[in-house]
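Topology and contacts: notes
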Amino acid sequence: MEQRLIATGPAESLAAAIADPTVSDVDKVLLNLGAKEFTVEPSTLQSLQQLIQWIANLALNIVGRYAEHKKNNHYDIMSDSCVLNTLRELIVIIRIWGLLRSSCLPVFICCFDSLDVLATLYKLLSRMIHNKDVALTGLDESLVDECMVLQNQVVIPSLTQLYENVCDVANPLFYQTFAPLCMEYGSDPVSSYSEDCLLAPSPTSRQYTDIIRHVYLGRHPPLIKSCTRCGGRTQVLSMARTAAVRAWEGRWVQACRCGGHWNMNRAADKKSLLRDNI
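Residues numbered from 1 in each chain as written. Predicted model: local features only at pLDDT ≥ 70, side-chain atom pairs only at ≥ 80, totals over all residues. Heavy atoms only, no water.

Here is the rule: UniProt positions are given in the numbering used here, feature names are shortened, and annotations may be inferred rather than shown by experiment.
Looking at an unreviewed UniProt entry, one finds the chain named Mediator of RNA polymerase II transcription subunit 16-like, with Diaphorina citri as its source organism. Per UniProt, the chain carries the Subcellular location (unreviewed entry) text "Nucleus".

Dropping the structure here:
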């Protein structure tokens, strides 16, 4: 009887390596992976640094808010095993890429240099998956303590700088209140803010941030397009020099990451200039 070899790629081998959430040491996971499968040219890695930084910031925000985790009736990213596993996979890949080019690694502001933030994030995300059913088992107090310790050791950047006056794309009221709902265009409904939401309301920033490239555009970018759904902005002209970045930007040409349509506009109009100079 012939034996058929099942070909597995990097994605399958990575998923198998992190399948056991009880193995929370990222360096032990690397021992079960072939580094050659994830080898990328150094120039490409450097061009992805902004996206790598955003992934690390997202993981920090999720872990940092775990201590405030509460049972709710709407979507909860902290209980989504798919998202948490994806972040774990990305942290493993970032770890490998950091061995190839250290300058592509995310930058953290820590209290002391010996703290390995990526390894700590992987460990805490693994424990969050192991304790994902908060409604039945309750919060793991030891995990809560570790998350709070990390909050005091690392500066957690806010994710609200990518958006302007937007808290939720899908408002929690849709899941908690029976229809019909009476709303006014341009104003938030009462009690629309969810305490578990990672995009907490924040004062309007005077800096524009590219929602696709995750780079600062300055106070008066010449030509941008904004999303009609979430309010995110991105630069119209592409400055990509590598195929990986061009592929990433090309994925969002037709629509924003949230699915909204782009609206072409100039940010440096008279009203914005007057407002920013006040």
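**Describing the overall build of the chain**
The cut-off we apply is this: Note on conventions: DSSP H or I runs of at least 4 residues are helices, E runs of at least 2 residues are strands, and numbering of each starts at the N terminus. To sort residues, take the accessible area from a 1.4 Å probe on protein chains only and compare it with the maximum for the residue type: under 20% means buried, over 50% means exposed, and anything in between is partly exposed.
Per the secondary structure count, the chain includes 11 helices and 5 strands. Out of the 278 residues in the chain, the part that is buried amounts to 40%.

**Looking at the pairing of strand S3 (residues 224-227)**
For the record, the criterion: We call two strands paired when DSSP finds no fewer than two bridges between them.
Of the two faces of S3, both are covered, the one formed by Ile224 and Ser226 as well as the one formed by Lys225 and Cys227. Summarising the sheet, S3 and strand S4 (residues 233-235) pair through 3 bridges and their orientation is antiparallel. Bridging from a neighbouring strand, Ile224 pairs with Gln235 of S4. Joining the antiparallel neighbours S3 and S4 is a turn of 5 residues, in which Gly231 adopts a positive phi near 85°. With 4 bridges connecting them, S3 and strand S5 (residues 262-265) associate as antiparallel partners.

**Remarks on the pattern of salt bridges**
Quick reminder of the rule: Throughout this description, the term salt bridge denotes a Lys or Arg side-chain nitrogen within 4 Å of a carboxyl oxygen of Asp or Glu.
Tallying each qualifying case throughout the model produces 6 salt bridges. Of the charged contacts in the structure, one is a salt bridge between Arg95 and Asp116, with a shortest N-O distance of 2.7 Å. One end of the pair, Arg95, is in helix H5 (residues 81-100); the other, Asp116, is in the loop between H5 and helix H6 (117-130), with 21 residues separating them in the sequence. Given a relative accessible area of 15%, Arg95 falls into the buried group. Each of Asp27, Arg95 and Asp116 takes part in salt bridges that share partners, so that together they form one network.

**Re the nonpolar core**
Our working rule: Throughout, nonpolar core names a set of buried Ala, Val, Leu, Ile, Met, Phe, Trp, Tyr and Cys residues whose side chains join them through atoms within 4.5 Å. Contact between two residues is taken to exist if any of their heavy atoms lie within 4.5 Å; hydrogens are not considered.
Residues Val92 and Met128 are the most contacted members of the largest nonpolar core, which totals 50 residues. At the level of secondary structure, the elements contributing two or more residues to this core comprise helix H1 (10-17), helix H2 (26-31), helix H4 (49-64), H5, H6 and helix H8 (141-153). Apart from the residues within four sequence positions on either side, Met128 is in contact with Ile62, Val63, Tyr66, Met78, Leu84 and Leu143. Core analysis: the next-biggest nonpolar cluster, separate from the first, contains 7 residues, Ile211, Ile212, Trp252 and Trp262 among them.

**Describing unusual backbone geometry**
You will see that His214, though not glycine, has its phi angle at about 60°, which is positive. Along the polypeptide, His214 turns up in the loop between strand S1 (208-209) and strand S2 (216-218).

**A word on the sheet that holds S3**
Strand pairing in a sheet relies on backbone hydrogen bonds, with the paired strands running either antiparallel or parallel. As a reminder, the rule being used: Angles run from 0 to 180 degrees between N-to-C directions of axes, and those axes are lines fitted to C-alpha atoms, restricted for helices to the stretch in contact.
Taken together, the 3 strands give an open sheet; going across it, the order is S4-S3-S5, and neighbouring strands pair in antiparallel fashion. Whereas interior strands pair on both sides, the edge strands pair on one side only; in this sheet they are S4 and S5. Averaged over neighbouring strand pairs, the angle between their axes works out to 30° when direction is ignored.

**Quick look at H8**
The criterion, for reference: Under the convention used throughout, the expected extent of a helix is 1.5 Å for every residue step, that is, one less than its residue count.
For H8, with 13 residues, the first-to-last C-alpha span of 19 Å sits near the 18 Å given by 1.5 Å per residue. Of all the positions in H8, only Leu143, Val144, Cys147, Leu150 and Gln153 are classed as buried. Where H8 is buried, its residues touch H4 and H6.

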